[in-house]
Amino acid sequence: MTSLRPMAPELAEKAKNELNEVPARIPEDLAALKAWLSKQPHLNPRTDDQFLVNFLRGCKYSLEKTKEKLDNYYTVKSAIPEFFDNRDPTNAKIQENAMLGVNLPLPHTMGPDGPRIVLVRMGAYDPSKYSIVDIMKVCYMITDLLLLNDDTSIIAGHMVLVDLRGLTLSALSQFSPTFIKKMTSVIEAFPIRTKGIHFVNPSTGFDALFKMFHGFLSKKIQERIAVHDTFEALHQVIPKSFLPEEYGGSGGKLAAIIADCRDNLINHRQIFLEDAKYRNDERKRPGKPKTASALFGVEGSFRSLEFD
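Everything numeric here is computed off the predicted structure, so don't read it as measured data.

Asks: Hey, could you run me through the nonpolar core in this one?
Replies: Most often, soluble globular proteins have nonpolar side chains that are buried together. With 64 residues, the main nonpolar core has Phe-51 and Phe-175 as its most contacted residues. With seven residues, helix H7 (residues 132-149) is the largest single contributor of residues to this core. Filtering out sequence-adjacent residues up to four positions away, Phe-51 remains in contact with Arg-46, Leu-70, Tyr-73, Tyr-74, Leu-147 and Leu-148. In terms of nonpolar packing, the next biggest core, distinct from the first, is built from 25 residues, Ile-117, Met-159, Ile-238 and Phe-272 among them.

Encoded structure:
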């Protein structure tokens, strides 16, 4: 008997049709995954049913892909401590960064089986006062909560809305090649599908940003990128009812959404404190250890990001 939270029937149907989910087979799939995990001396993962099913769903129930994704998730978390260590949401600095509202899952999904809209406000912070590393730490805390708690994110995926208003070249200067490689490695490690990326308010820095990231994206996701010069154009793709008032919508005020997101982090403090113990011990990995220098050193080629 598995312990999974109930979900909306529309999402359950989508999981069957698009992710190859067969409810009666889930206990068998979980048993196989747990048996494999128990034989990995370097892995120390969460093993609760819901967490593991989220990875199975994100990998369309391919056991081999799920094993690789789980290993990669903890490899990345262990190799990038600046993103994933010291994540107590009651810390004053983390709260301050959270209130900038750089990465915001919006409260309304695009229909009962539609994707979660994630608003990314790249120009929402002053790069002379804030480090992009600290900003990304909070962004990944938010993504971790979506991975744990949001069936929509796992099953229907993310529609990413990137607001470029206020983005400056000084902000872009914080994006070194190594930093970009770390960011893209983290994106690959989460079992969350990106259904599209929509840019709004293209600024002077947009071309530079686009050139930096374009090479990391698979052809599939490149075809799902759109740039909107006006809110009217954006509303043709993402209806007003799903968007904050500041984006011409009726989906709540930005300040309230930001505060709710910060409060959600604080309410899940225990999860972040416990998460710190779930890390790889690369000294015990069979074969070659996957250390930060091996993963993110100057040598080696970048792999294009693949999105479902």
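Having seen the structure, we can now continue with the description.
Asks: Looking at this structure, how should I read empty space enclosed by the protein?
Replies: Empty space among the atoms becomes apparent when a probe as large as a water molecule is rolled across them. Counted by the stated rule, this structure contains four cavities of 30 Å³ or more. What the largest cavity holds in volume is close to 840 Å³. If you trace the largest cavity, you find 35 residues lining it, with Val-120, Val-160, Val-162, Met-183 and Ile-187 closest to the centre. Listing elements by their share of the lining of the largest cavity, those giving two or more residues are strand S2 (116-121), H7, strand S3 (158-163), helix H10 (177-189), strand S4 (194-200) and helix H11 (206-214). The residue inventory of the lining of the largest cavity, partitioned by class, reads 29 nonpolar, six polar and no charged. Its boundaries defined by the atoms lining it, the second largest cavity holds a volume of some 60 Å³. Lining the second largest cavity we find Arg-46, Phe-51, Tyr-73, Tyr-74, Lys-77, Arg-87, Asp-144, Leu-148, Ile-271, Phe-272 and Asp-275. Looking at the lining of the second largest cavity, the elements that each hand over two or more residues are helix H4 (63-79), H7 and helix H15 (269-275). Broken down by class, the residue content of the lining of the second largest cavity amounts to six nonpolar, no polar and five charged.

Asks: Hey, could you run me through the sheet that holds S3 in this one?
Replies: Strands pair in a sheet through their backbones, by hydrogen bonds, and they do so in one of two ways: parallel or antiparallel. Sheet architecture is open: five strands sit in the order S1-S2-S3-S4-S5, paired in mixed fashion. In this open sheet, the two edge strands, each paired with only one partner strand, are strand S1 (103-105) and strand S5 (225-228). When the angles between neighbouring strand axes are averaged without regard to direction, this sheet yields 20°. Alignment of S1 against S2, held across three bridges, turns out to be antiparallel. Within S2, the position partnered with Asn-103 by the bridge is Val-120. Each of S1 and S3 touches H7; the most contacted strand, S1, lies at about 20° to it.

How each quantity is defined
- Residues numbered from 1 in each chain as written.
- Predicted model: local features only at pLDDT ≥ 70, side-chain atom pairs only at ≥ 80, totals over all residues.
- Heavy atoms only, no water.
- Core = buried A, V, L, I, M, F, W, Y, C linked by side-chain atoms within 4.5 Å.
- Buried < 20%, exposed > 50% of the residue type's maximum accessible area, 1.4 Å probe, protein only.
- Helix = DSSP H or I, 4+ residues; strand = E, 2+ residues; numbered from the N terminus.
- Contact = heavy atoms within 4.5 Å.
- 1 Å grid on protein atoms, 1.4 Å probe; cavity = no way out; pocket = protein on both sides within 12 Å on 5 of 7 lines; lining within 4 Å.
- Points joined across faces, edges and corners; volume = space filled by probe spheres on them.
- Nonpolar A, V, L, I, M, F, W, Y, C, P; charged D, E, K, R; others polar.
- Pairing = 2+ DSSP bridges.
- Axes fitted to C-alpha atoms, helices over the stretch in contact; angles between N-to-C directions.

In short, the description is geometric, and any link to function would need to be established separately.
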